[in-house]
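# Observations on the three-dimensional arrangement
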Amino acid sequence: MGKEVSMDTLVNLAKRRGFIFAGSEIYGGLANSWDYGPLGVELKNNIKKAWWKKFVQMRQDVVGLDAAVIMNPKVWEASGHVATFHDPLVECKYCHARFREDKIDATKPCEACGDKSGFTEPKQFNLMFKTHLGPSQESGTEVYLRPETAQAMFVDFAQVQASSRKKIPFGIAQIGRAFRNEITPGNYIFRTREFEQMEIEYFIKESDWKEQFENWLKLMHEWLVDCGITLEKIHDLEVLKEDRAHYSSRTVDIEFDFPFGRGELYGLAYRSDFDLKNHQDSSGKDLSYTDPVTNEKYIPHVIEPTFGVDRTILAVLVSAYKEEEVDGEMRTVLSLPAHLAPYQVAVLPLMKKEELTEEARKITEELSNYMAVEYDETQSIGKRYRRQDEIGTPYCVTIDYDSLEDNAVTVRDRDTMKQERIAITELKKYLVEKISL
Ligand code: ATP
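In short, a report on the structure. Note that the structure is predicted; figures quoted are calculated from it, not measured.

The next thing to look at is the overall build of the protein. Of regular secondary structure, the protein possesses 13 helices and 23 strands. Split into buried and exposed, the 437 residues of the protein put 53% on the buried side. Taking as baseline every contact in the protein between residues at least 6 positions apart, the subset at least 24 positions apart corresponds to 65%. Charge-centre separation for the protein: the mean point of 57 positive side chains lies 1 Å from the mean point of 73 negative side chains.

If you want it as structure tokens, here you go:
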């Protein structure tokens with residue numbers, strides 16, 4: 001029980017069961033690109049759905065946004081990304097492999113070739129992907145793929161505020177893809193060049209920032225618990241002044257002990273009024289807010305909680321993975337929270353006999369209106385239970401010959417392996433109660 005999972009084990013399970021595959025594999029892959037398979041896309045969608053529900057739908061003070069990936073390039077000038085979204089790049093003098101200077105020990109041999117010739121002086125490498133808009137490649141058509149979702153919340157601030165009639169404090173949330181031409185992507189889905197973020201820009205009065213910061217830190221921890229992420233592996237790192245962006249008076253990196261070491265899972269930053277002020281100055285548009293009670297006019301300050309979707313998936317999988325011995329045999333279990341599991345229920349006829357499969361299909365169809373159900377009639381019942389354990393399905397419903405007489409089925413709990421007999425008429429209610437958060 002409680003065995004630490006290695007990356008190899010996790011990557012293999014994810015591939016074998018259809019959570020995550022190497023991208024473009026039949027062409028030899030594309031460095032560090034990953035595709036979410038049939039189970040992975042369900043897990044990913046469930047994480048995004050749970051996040052949206054918690055931080056947007058269940059709150060009256062947060063509204064959503066779904067902005068374009070390609071924005072006017074002036075956005076990235078005003079935000080500071082063109083001038084400063086750099087990582088220091090060094091090159092091995094022997095094999096010319098490139099590394100992020102702050103991620104290697106330059107006194108050691110090159111990780112790629114083992115040579116000791118050393119590295120070049122660091123050059124600043126901008127992480128934004130460039131492309132051209134329209135058919136011409138002339139200057140003036142150059143645009144960027146967004147490196148974060150955040151800027152749209154600032155650029156659209158006035159429109160969102162006016163149309164939603166929200167009063168400070170309020171937030172704008174967005175889930176979407178971001179692109180960074182990382183010098184050294186790696187560690188599976190931890191660092192890729194294309195990934196998804198879930199971000200909130202929470203607009204406040206400057207005087208409230210300390211209280212709001214603490215509040216959001218608490219909410220981020222609540223979210224970790226909702227996801228079943230092991231809290232003993234979570235560490236809040238107060239980012240030192242010299243490592244913080246100059247406009248931030250406080251940044252906390254929420255780190256997680258991944259199998260390859262500790263790394264940033266989420267971030268929480270107080271961004272002052274830096275972004276709105278810069279966009280107001282650059283665009284010439286008024287991005288201030290007028291308090292309807294006091295008539296005070298000011299540029300709101302911002303607290304930014306940011307969550308990586310892919311890193312969440314990795315932390316959720318690491319936290320959920322268990323191997324345990326049952327009756328002298330090892331079983332692998334993904335103890336995913338029910339609301340995140342790709343399938344909440346598996347419906348299994350005890351044998352592939354028409355009387356049983358017909359009833360099982362009927363039950364599958366009925367339950368599918370309310371939850372994600374997998375129907376499986378292949379292999380022995382033991383093997384089917386093991387498969388469901390390994391993909392994290394919290395409940396298995398088995399239809400046997402007695403079911404045809406007593407109109408009841410056996411419900412097996414993934415974690416305790418306890419079995420209960422439940423009347424078919426009660427089944428939907430029983431399961432809905434079990435799987436709701
Ligand atoms: P790092 O220091 O690891 O490069 P960062 O501080 O640049 O991360 P942020 O700019 O704060 O990251 O991005 C917000 C969130 O987006 C991160 O907390 C992380 O969850 C996610 N993220 C950032 N870069 C990547 C990436 N290359 N691949 C996957 N997720 C990422």
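Still more to cover.
Quick look at helix 7 (residues 209-226) now. Compared with the 26 Å implied by 1.5 Å per residue over 18 residues, the 25 Å span of helix 7 between its first and last C-alpha is a close match. If you check which residues of helix 7 are buried, you get Trp-209, Gln-212, Phe-213, Trp-216, Leu-217, Leu-219, Met-220, Trp-223 and Leu-224. Buried residues in helix 7, looked at end-on, bunch into an arc of 165°, giving them a common side. What points out from helix 7, more than 90 degrees from its buried face, is the exposed set Lys-210, Glu-211 and Lys-218. Where helix 7 terminates, the next one or two residues include Gly-228, which has phi positive at roughly 70°.

Further remarks concern the sheet that holds strand 16 (residues 301-308). Ordered by their spatial adjacency, seven strands build an open sheet running 3-9-10-16-13-12-11, and the pairing between neighbours is mixed. Edge strands, defined here as strands with exactly one partner in the open sheet, are strand 3 (62-65) and strand 11 (234-238). Averaged over all neighbouring strand pairs, the angle between strand axes comes to 25°, with direction disregarded. Bridge count for strand 9 (residues 170-179) against strand 10 (residues 194-204) is 10 bridges, and the pairing is antiparallel. Opposite Gln-174, over in strand 10, you have Glu-199 as the bridge partner. In the packing of helix 2 (residues 38-57) onto the sheet, contacts are made with strand 3, strand 9, strand 10 and strand 16, and the angle to strand 9 comes to roughly 160°. Set on the sheet, helix 7 makes contact with strand 10, strand 11, strand 12 (250-258), strand 13 (261-272) and strand 16; between it and strand 13 the angle comes to about 150°.

Another aspect to go through is the site of the ligand. In the vicinity of the ligand lie 15 residues, with Glu-182, Arg-191, Thr-192, Glu-264 and Leu-265 positioned nearest. Measuring from an oxygen atom of the ligand, one finds a side-chain N or O atom of Arg-191 at 2.7 Å. A distance of 2.7 Å separates an oxygen atom of the ligand from a polar backbone atom of Leu-265. Contact with the protein chains removes 83% of the 600 Å² of surface that the ligand exposes when unbound.

It is worth spelling out the pattern of salt bridges at this point. Close approach of charged atoms allows side chains with opposite charge to pair. Scanning the entire structure with this criterion turns up 35 salt bridges. Lys-54 is the salt-bridge partner of Asp-226, the closest N and O atoms lying 3.5 Å from each other. Of this pair, Asp-226 sits in helix 7 while Lys-54 sits in helix 2, and the two are 172 residues apart along the sequence. A relative accessible area of 22% places Asp-226 in the partly exposed class. Judged by relative accessible area, which is 18%, Lys-54 ranks as buried. With a shortest N-O distance of 3.6 Å, Glu-377 and Arg-361 are connected by a salt bridge. On the criterion of sequence distance, the pair formed by Glu-377 in the loop between strand 20 (373-375) and helix 11 (381-391) and Arg-361 in helix 10 (residues 354-367) is long-range, its members being 16 residues apart.

Take unusual backbone geometry next. Between Ile-168 and the following residue, Pro-169, the backbone shows a cis peptide bond with an omega angle of 5°. In this fold, Pro-169 is placed in the loop between helix 6 (157-164) and strand 9. Even without being glycine, Asn-32 reaches a positive phi, approximately 55°. Under the relative-accessibility criterion, Asn-32 is labelled partly exposed at 27%. With a phi angle near 60°, Gln-379 is a residue other than glycine that sits in the positive phi range.

Quick look at the nonpolar core now. Ranked by size, the top nonpolar core spans 61 residues in total, and within it Trp-51, Trp-223, Ile-229, Leu-265, Tyr-266, Ile-303 and Ile-313 carry the most contacts. When residues no more than four places from it in sequence are discounted, the contact partners of Ile-313 are Ile-20, Tyr-36, Leu-43, Lys-44, Ile-47 and Ile-189. Judged by nonpolar contacts, the second largest core, of 26 residues, contains Trp-76, Ala-152, Phe-154 and Phe-170.

Let us now look at the environment of Met-351. In this fold, Met-351 is placed in the loop between strand 19 (345-349) and helix 10. In the structure, Met-351 is positioned 50 residues away from Tyr-401 in sequence and 9.2 Å away in space, judged by C-alpha atoms. Setting aside residues no more than four positions away along its own chain, Met-351 makes contact with Leu-356, Thr-357 and Tyr-401.

The next point concerns the sheet that holds strand 5 (residues 98-100). Here we have three strands laid out as an open sheet, ordered 5-4-6, and antiparallel in their pairing. This sheet does not close on itself; its edge strands, each paired only once, are strand 5 and strand 6 (123-126). For this sheet, the mean inter-axis angle between neighbouring strands, taken without regard to orientation, is 45°. In terms of strand pairing, strand 4 (residues 86-91) meets strand 6 through four bridges, oriented antiparallel. Note that in strand 6 the partner of Leu-89 across the bridge is Lys-123.

About the thresholds
- Residues numbered from 1 in each chain as written.
- Predicted model: local features only at pLDDT ≥ 70, side-chain atom pairs only at ≥ 80, totals over all residues.
- Heavy atoms only, no water.
- Helix = DSSP H or I, 4+ residues; strand = E, 2+ residues; numbered from the N terminus.
- Buried < 20%, exposed > 50% of the residue type's maximum accessible area, 1.4 Å probe, protein only.
- Contact = heavy atoms within 4.5 Å.
- Lys, Arg positive; Asp, Glu negative; His and termini not counted.
- Charge placed at Lys NZ, Arg CZ, Asp CG, Glu CD.
- Expected span 1.5 Å × (residues − 1).
- Arc of directions from axis to C-beta.
- Pairing = 2+ DSSP bridges.
- Axes fitted to C-alpha atoms, helices over the stretch in contact; angles between N-to-C directions.
- Near = heavy atom within 4 Å.
- Polar contact = N/O pair within 3.5 Å; in protein donor to acceptor, adjacent residues only side chain to side chain.
- Areas by Shrake-Rupley, 256 points an atom, 1.4 Å probe, with all protein chains shown as cover.
- Salt bridge = Lys/Arg side-chain N within 4 Å of Asp/Glu carboxyl O.
- Core = buried A, V, L, I, M, F, W, Y, C linked by side-chain atoms within 4.5 Å.

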